[in-house]
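Read off the chains here:
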Amino acid sequence: MSDTKTITHGSHWGAFTAEVENGRLVSVEPFAKDADPSPILASMPEALYADCRVDRPMVRKGWLDDGPGGPSNGDGRGAEPFVAVPWDEALDLVANELARVRQSHGNGAIFAGSYGWSSAGRFHHAKTQLQRFLNCGGGYTGSVHSYSIAAGLAILPHVIGGAEMARGPFTSWDSIAADTGLMVMFGGIGLKNVQVEPGGMGEHTAATWLERAKANGCEFVSITPLRDDSADFLEAEWLAPRPNTDVALMLGLAHTLVAEDLHDPDFLARYCVGFDEFRAYLVGESDSEPKDADWAAAITEIEAATIRDLARRLAATRTIITTAYALQRGDHGEQPYWMT
């Protein structure tokens, strides 16, 4: 006799209802009120039972044979096979190793993970649970920021006093849809990216709001090497600079704004610190190298006339500039966010 039941749950890629038959997940249906659900949800039953899934504790053979400090310890990393062990044995191995490291080196020698996308929601977040557990034993060494947006989180407090530009609260979608004349997207706004959110979501709304902004007359410029980093329905102007030259493009835009008196000196004087130093660099007074559109064109491979035209459009309407996480994932990654 078949035992079938449905379970409502959530994941990084959205809320869903799971159908479970005789204890086995057989299908997943997106949340009924989600008008644009992620197709990733449909992969869950297959992924759950895939042959490649690690479904029991595995220990590197050299460490299992010889333990810490053994003759082969460390030599086989990256090459040795892993050996499956029972849960009770795995728990004993981890408990003994934690006790050994704590006694020999102190709690500071225990690293409690750098991140974690391994499960849905926040309570079952692997890194959070690991750190809660290790706090019970005296603490650990943690990480600062994350590999998703570390450079942005490091620089923004020095530029605007906090990390709100990266973490929110952000300008609301309804304000963008109602009042934006031009959206300039460094790195685009890829709808594939907004399928996923660390704590999950009930509804995927980005496409809906972008459609509303488009219907209200907003124009879009997508600045990214990949055309599909913006949705086709936006009919965005696509500018494809050489990768990692976004700051040069931003400087070229800023130079045009200043050179053509399209900036707001009163705002800068009242609300900002450091513009005089920045202006001296921008126009070349400090290094004899004006960062004008021609200078930017040689670096970005975007025509100078296109850069000047975009700068004028920025100043001619109510404009919002967005900068993707991806731009700060590299050497000098703080610079794109600082220049934004």
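If you're wondering where the values come from, they're calculated on a predicted model, not measured in any experiment.

Rules and cut-offs
Residues numbered from 1 in each chain as written. Predicted model: local features only at pLDDT ≥ 70, side-chain atom pairs only at ≥ 80, totals over all residues. Heavy atoms only, no water. Pairing = 2+ DSSP bridges. Helix = DSSP H or I, 4+ residues; strand = E, 2+ residues; numbered from the N terminus. Axes fitted to C-alpha atoms, helices over the stretch in contact; angles between N-to-C directions. Buried < 20%, exposed > 50% of the residue type's maximum accessible area, 1.4 Å probe, protein only. Contact = heavy atoms within 4.5 Å. Polar contact = N/O pair within 3.5 Å; in protein donor to acceptor, adjacent residues only side chain to side chain. Phe/Tyr/Trp six-rings, centres within 6.5 Å; stacked < 30°, edge-to-face > 60°. Lys NZ or Arg CZ within 6 Å of the ring centre and 35° of its normal. Parallel < 35°, antiparallel > 145°, perpendicular 65-115°, else oblique. Left-handed = near helix turned anticlockwise from the far one by under 90°. Salt bridge = Lys/Arg side-chain N within 4 Å of Asp/Glu carboxyl O.

**Student:** Quick rundown of the sheet that holds strand β6 (residues 182–186)? Include the residues and the values.
**Tutor:** Within the open sheet, the 4 strands sit side by side as β8-β7-β6-β9. Their pairing is parallel. The sheet is open, and its two borders are formed by β8 (237–239) and β9 (319–323), each paired with just one other strand. When the angles between neighbouring strand axes are averaged without regard to direction, this sheet yields 15°. Judged from the 5 bridges that link them, β6 and β9 form a sheet pairing that is parallel. Looking at β9, one finds that L182 is bridged to T319.

**Student:** Lay out the sheet that holds strand β1 (residues 4–11) in plain terms, naming residues and giving numbers.
**Tutor:** Strand order in the open sheet made by the 3 strands is β1-β2-β3, with antiparallel pairing throughout. The open sheet has two free edges, formed respectively by β1 and β3 (24–30), since each of these has just one partner strand. Strand-to-strand twist of the sheet, defined as the mean angle between neighbouring strand axes without regard to direction, takes the value 30°. Across 8 bridges, the pairing between β1 and strand β2 (residues 14–21) is antiparallel. Of the residues in β2, the one forming a bridge with T8 is T17.

**Student:** I'd like to hear about the environment of E164, residue by residue, with values.
**Tutor:** Its location among the elements puts E164 in helix α6 (residues 164–167). By relative accessible area, which is 41% here, E164 ends up partly exposed. In this structure the C-alpha to C-alpha distance between E164 and A50, which are 114 residues apart in sequence, comes to 40 Å. Apart from residues no more than four positions distant in its own chain, E164 is found in contact with P169 and F170.

**Student:** Give me the side chain of T224: which residues, what numbers.
**Tutor:** Within the element layout of this structure, T224 appears in the loop between β7 (219–223) and β8. When its relative accessible area of 4% is taken as the criterion, T224 is described as buried. Of the polar contacts made by the side chain of T224, one reaches the side chain of D229; its length is 2.6 Å.

**Student:** Which residues make up the environment of G152, and what are the values?
**Tutor:** Mapped onto the secondary structure, G152 falls in helix α5 (residues 150–160). Assessed through its relative accessible area of 0%, G152 is described here as buried. Sequence separation between G152 and L327 is 175 residues; the distance between their C-alpha atoms is 9.2 Å. The contacts of G152, once residues within four sequence positions are left out, are P157, Q328 and Y337.

**Student:** Tell me about the packing of aromatic side chains, and name the residues and values.
**Tutor:** Each aromatic ring pair is specified by the distance between its two centres and by the angle formed by the two planes. Tallied over the full model, the rule gives 2 aromatic pairs. For the pair F267 and Y271, a centre-to-centre distance of 4.9 Å together with 40° between the ring planes defines the contact as tilted. In this pair, F267 and Y271 are both assigned in helix α10 (residues 265–271), 4 residues apart and thus about one turn of the helix distant. Since its relative accessible area comes to 43%, F267 is described here as partly exposed. Taking the relative accessible area as the measure of exposure, Y271 reaches 53% and is therefore exposed. Aromatic pair F275 and F278: ring centres 6.3 Å apart, planes at 50°, arrangement tilted. Separated by 3 residues within a single helix, F275 and F278 lie in helix α11 (residues 275–282), roughly one turn from each other. Seen from the ring of Y49, R24 lies directly overhead, with NZ or CZ sitting 3.6 Å from the centre. Note that K291 overlies the ring of Y281, its terminal NZ or CZ placed 3.8 Å from the centroid.

**Student:** Go over the packing of helix α12 (residues 293–300) against helix α13 (residues 304–316) with me, naming the residues and quoting the values.
**Tutor:** Between two packed helices, what matters for the description is the angle formed by their axes and the separation of those axes. Packing of α12 against α13 leaves a shortest axis separation of 8 Å and a crossing angle of 120°. Viewed along their axes, α12 and α13 adopt a mutual orientation that is oblique. For the element pair α12 and α13, the recorded crossing hand is right-handed. Contacts from A293, D294, A296, A297 and T300 of α12 reach α13 at A304, I307 and R308.

**Student:** Lay out the pattern of salt bridges with the relevant residues and their values.
**Tutor:** For the structure shown, the criterion picks out 14 salt bridges. For the salt bridge of R56 with D55, the shortest nitrogen-to-oxygen distance reads 4.0 Å. In this pair, the class of R56 matches that of D55, namely exposed. K61 is the partner of D65 in a salt bridge, and the nearest nitrogen-oxygen pair spans 2.7 Å. Note that D65 and K61 are positioned in helix α2 (residues 61–66) at a spacing of 4 residues, about one turn of the helix. Residue class for D65 comes out partly exposed when judged on its relative accessible area of 48%.

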